[in-house]
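Breakdown of the fold
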Amino acid sequence: MAAESYSEAEPRGQRSQLLQHEVLLTGIGGQGVQLAAKTLAMAATAEGHQVLMSSHYGGEMRGGQTEASIVVADEGLRTVPILESVWSAFVMHSRYWPGVAARLRPGGVVVANSNVAGDLPDGDFRLFPVPAGDIAAEVGAAMSAGFVLLGAYSTITGLVGIEALVAAMKDLVPPYRTQHLVVNEAALRAGASSPAAPLLGAGAW
Amino acid sequence: MAARLLQGSDAVAQAAIAAGCRFFSGYPMLPFTDLLESMARRMAAAGGVCMNAETEIEAVNMTLGAAAAGARSATGSCGQGIALMQEAIAEAALNEVPFVVFNMARGQQDYFQATRGGGWGDYRTICLAPKDVVEAVEHTQLLFHLADQYRSPVMMYGDYLISHTYMSVEVDPIDFGPLPPKDWALDGSRGGTGRSRQIWTWAMGKANDPGPGPDLHWQRIAEKFDGVARLEQRWESKWCDDAETVIVSFGTAAPFVEQVVGELRDDGVRVGTFRPISLWPFPEKPLAEACASASRVLVFEVNAGQMIDDVRLAVAGRAPVTPLGRVSIDFSGMRQGEILTVPWIRDRVRQVIREVTV
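Residues numbered from 1 in each chain as written. Chains lettered and ligands numbered in written order. Predicted model: local features only at pLDDT ≥ 70, side-chain atom pairs only at ≥ 80, totals over all residues. Heavy atoms only, no water.

Notes on the packing of aromatic side chains
If you walk through the whole model with that rule in mind, you get 9 aromatic pairs over all chains. Pairing Trp97(A) with Phe125(A) gives two aromatic rings, centres 5.4 Å apart and planes at 65°, and the pair type is edge-to-face. Placement of Trp97(A) in helix H2 (residues 97–101) and of Phe125(A) in strand S7 (residues 125–130) is noted, with a sequence separation of 28 residues between them. Just as Trp97(A) is buried, Phe125(A) falls in that class too. Taken together, a centroid distance of 5.9 Å and an interplanar angle of 75° make the contact between Trp120(B) and Trp218(B) edge-to-face. In this pair, Trp120(B) is assigned in the loop between helix H5 (111–116) and strand S6 (126–128) and Trp218(B) in helix H8 (residues 214–231), connecting sequence segments 98 residues apart. Among the aromatic residues, ring-to-ring pairing joins Tyr111(B), Tyr157(B) and Phe250(B) into one connected group. Of note, Lys224(B) hangs over the ring of Phe225(B), and the distance from its end group to the ring centre comes to 5.4 Å. (Phe/Tyr/Trp six-rings, centres within 6.5 Å; stacked < 30°, edge-to-face > 60°. Helix = DSSP H or I, 4+ residues; strand = E, 2+ residues; numbered from the N terminus. Buried < 20%, exposed > 50% of the residue type's maximum accessible area, 1.4 Å probe, protein only. Lys NZ or Arg CZ within 6 Å of the ring centre and 35° of its normal.)

A look at the sheet that holds strand S4 (residues 73–77) of chain B
Residue and element names in this part refer to chain B. Taking strand neighbours across the sheet as the criterion, the 7 strands line up as S3-S2-S4-S5-S7-S6-S14 in an open arrangement whose pairing is mixed. Looking at the sheet topology across the chains shown, the edges are occupied by strand S3 (49–52) and strand S14 (278–280). Across the sheet, the axes of successive neighbouring strands diverge by a mean angle of 20°, strand direction being ignored. Bridge count for strand S5 (residues 100–105) against strand S7 (residues 154–159) is 6 bridges, and the pairing is parallel. Residue Ala 105 lies in a different strand from S7, and its bridge partner there is Asp 159. Along the sheet face, helix H2 (residues 33–42) touches strand S2 (23–26), S3 and S5 and points at about 135° away from the line of S3. Sheet contacts for helix H3 (residues 56–68): S2, S3 and S4; angle to S4, the most-contacted strand, approximately 165°. (Pairing = 2+ DSSP bridges. Axes fitted to C-alpha atoms, helices over the stretch in contact; angles between N-to-C directions. Contact = heavy atoms within 4.5 Å.)

Overview of the domain arrangement of chain B
Residue and element names in this part refer to chain B. Here chain B is described as being made up of domain 1 (4–169) and domain 2 (235–357). Here domain 1 and domain 2 have C-alpha centroids that lie 27 Å from each other. Contacts between domain 1 and domain 2 engage 27 residues on the former and 28 residues on the latter. Of the roughly 2500 Å² buried between domain 1 and domain 2, counting both surfaces, carbon and sulfur atoms make up 58%. Contact with domain 2 buries surface across domain 1, with Gln 108, Tyr 111 and Lys 131 losing the most and accounting together for 31% of the total. At the junction of domain 1 and domain 2, the tally comes to 3 salt bridges. Counting across the interface, domain 1 meets domain 2 through 14 residue pairs in polar contact (both at pLDDT 80 or more). (Domains from an automatic or database assignment. Buried area = accessible area lost by both parts, 1.4 Å probe. Salt bridge = Lys/Arg side-chain N within 4 Å of Asp/Glu carboxyl O. Polar contact = N/O pair within 3.5 Å; in protein donor to acceptor, adjacent residues only side chain to side chain.)

Describing the pairing of S4(B)
The two faces of the sheet receive side chains in turn, since in a regular strand these alternate between them. Residues and elements named next belong to chain B. Of all the 5 residues making up S4, 5 are buried; the element is thus mostly covered by neighbouring parts of the structure. In this structure, S2 lies alongside S4, joined through 4 bridges in parallel fashion. By the bridge assignment for S4, Gly 26 is matched with Gly 76. Here S4 runs beside S5; their pairing, made up of 4 bridges, is parallel. Among the inter-strand pairings, Ala 74 is bridged to a residue of S5, identified as Val 100.

A look at the interface of chain A and chain B
Many analyses report the size of an interface as the accessible area lost when the parts associate. Across the contact, 32 residues belong to chain A and 42 residues belong to chain B. Together, the buried faces of chain A and chain B total about 3100 Å²; carbon and sulfur atoms form 53% of this surface. Applying the counting rule to chain A against chain B returns 1 salt bridge. For Glu84(A), the salt bridge identified is with Arg346(B), shortest N-O distance 2.7 Å. Counting across the interface, chain A meets chain B through 5 residue pairs in polar contact (both at pLDDT 80 or more). For the side of chain A that touches chain B, the elements supplying multiple residues, two or more each, are strand S1 (4–7), helix H1 (33–46) and strand S3 (50–57) of chain A. The biggest single contributor to the side of chain A that touches chain B is S3(A), with 7 residues. A breakdown of the residues in the side of chain A that touches chain B according to their chemical character gives 14 nonpolar, 10 polar and 8 charged. (Nonpolar A, V, L, I, M, F, W, Y, C, P; charged D, E, K, R; others polar.)

What about helix H1 (residues 8–18) of chain B?
Residues and elements named next belong to chain B. Where burial is concerned, most of H1 is hidden: 10 out of the 11 residues are buried. If you check which residues of H1 are buried, you get Gly 8, Ser 9, Asp 10, Ala 11, Val 12, Ala 13, Gln 14, Ala 15, Ala 16 and Ile 17. Contacts made by the buried residues of H1 are with strand S1 (4–7), H2, S5, helix H6 (133–150), helix H7 (160–164) and strand S8 (166–169). With its phi angle positive at about 100°, Gly 20 sits one or two positions after the end of H1.

So this is what it looks like as structure tokens:
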């Protein structure tokens, strides 16, 4: 095989024409932030989008900083894996909020678990507080607050559909954890249909 | 096959198996560990063998053994473990046993190690540095082909961002064309079949015919690597035709630089970007041509200055070559630190362009 070069691969200015949405997911270890991120990324892939996801978390199993970023593009993913700014935030806990706020673009969408992230300072963003912990407890899925917030996030932003999220969750749960499938699905659907999760006027697509 | 969301390590593992890799051995060490885990999960179903070795030295020598028997084989680690593998890599280069080394480095501080090596003798290793997971899938398959084509160990320079990032990716087998038969492979026979060979670093021959001896053997290997250096340079360049400034970067750092350069172009700044895809052979002449109109060359790498040596050799004094990066590791010690962001690179490039202009 001969040596190759690639040159002048695309016209200038194409970057700005792509439709692409970024989500920053934040919380503390043990809240299911990484699982929610993976579920969202897989659901968006199943719906035909190009997806990039990167995770960042410390060595602690519980309580430490945990963060994931996801980019969903209609086609031709063009992004670096460490994001400079984001369109929306998924906030399970307020402890690491300042780092998220610094990257949120003006007018960005923030879907926050108001049970433990009800104290976010004001800013130039559209805040949707969702009592994800309470809703999870109501449907008998106290451990699944992350899925409640994810369901709510899907309704609010329209980034992915609830059916794709349920299917992705079922794919991701390992065989030895299948006892959680029913409550996880209940949590996703309860979040998606919650009065705290209105359909956003300007949806993702 | 439709695109699937795969972690980089899993995508590389699947690409390796699609390329026919049937032996893998390694010792866990982040960010390489995920690749070893994926191989362990997937290799048995493909009819292959994955060994969790007790050390990196054991891993690379098992890989050398499997490869000497003709199997498509691979190993890997991060730079710290690959330091231990240097002797076996040099032996394999000189006794002409092909395998792939997946270097999931903890940053960009192992450029010298990857491109110069630390073993003995006149040998080189082809080294490809993918910019993202999609390219890593292609490089994985290409590396197995190049290893067999040149009967030589070859390397991928990956890192945490290759190993741990999830991307939509298709892992389809790529046909790179025919390869010579592995008629040199040890087949377990002795004496009568006529197929047994010595695989020996000092010469290639048979038990009753020791071959040409070290002088001719090593001359021939040096000529082989001279040919590889001519034929296997790979690179990507953008906006260099009229560029006053060319910025060189490699691997996962390159897309960050490219984004900044794209913005500068939109602002009317005559700047271009050049990425060596093969770190060895370094695309020396293509870089010199890309810099033909440049009055300055900038090098962004997340280390104390390693690739900049190769850039200076290529530019050969025709323009000043200025480093942009520095050592930068995050709190985990597993990945590049704070300078690998678009804002940091944007500020640094604008600052240096101003300084060099003034």
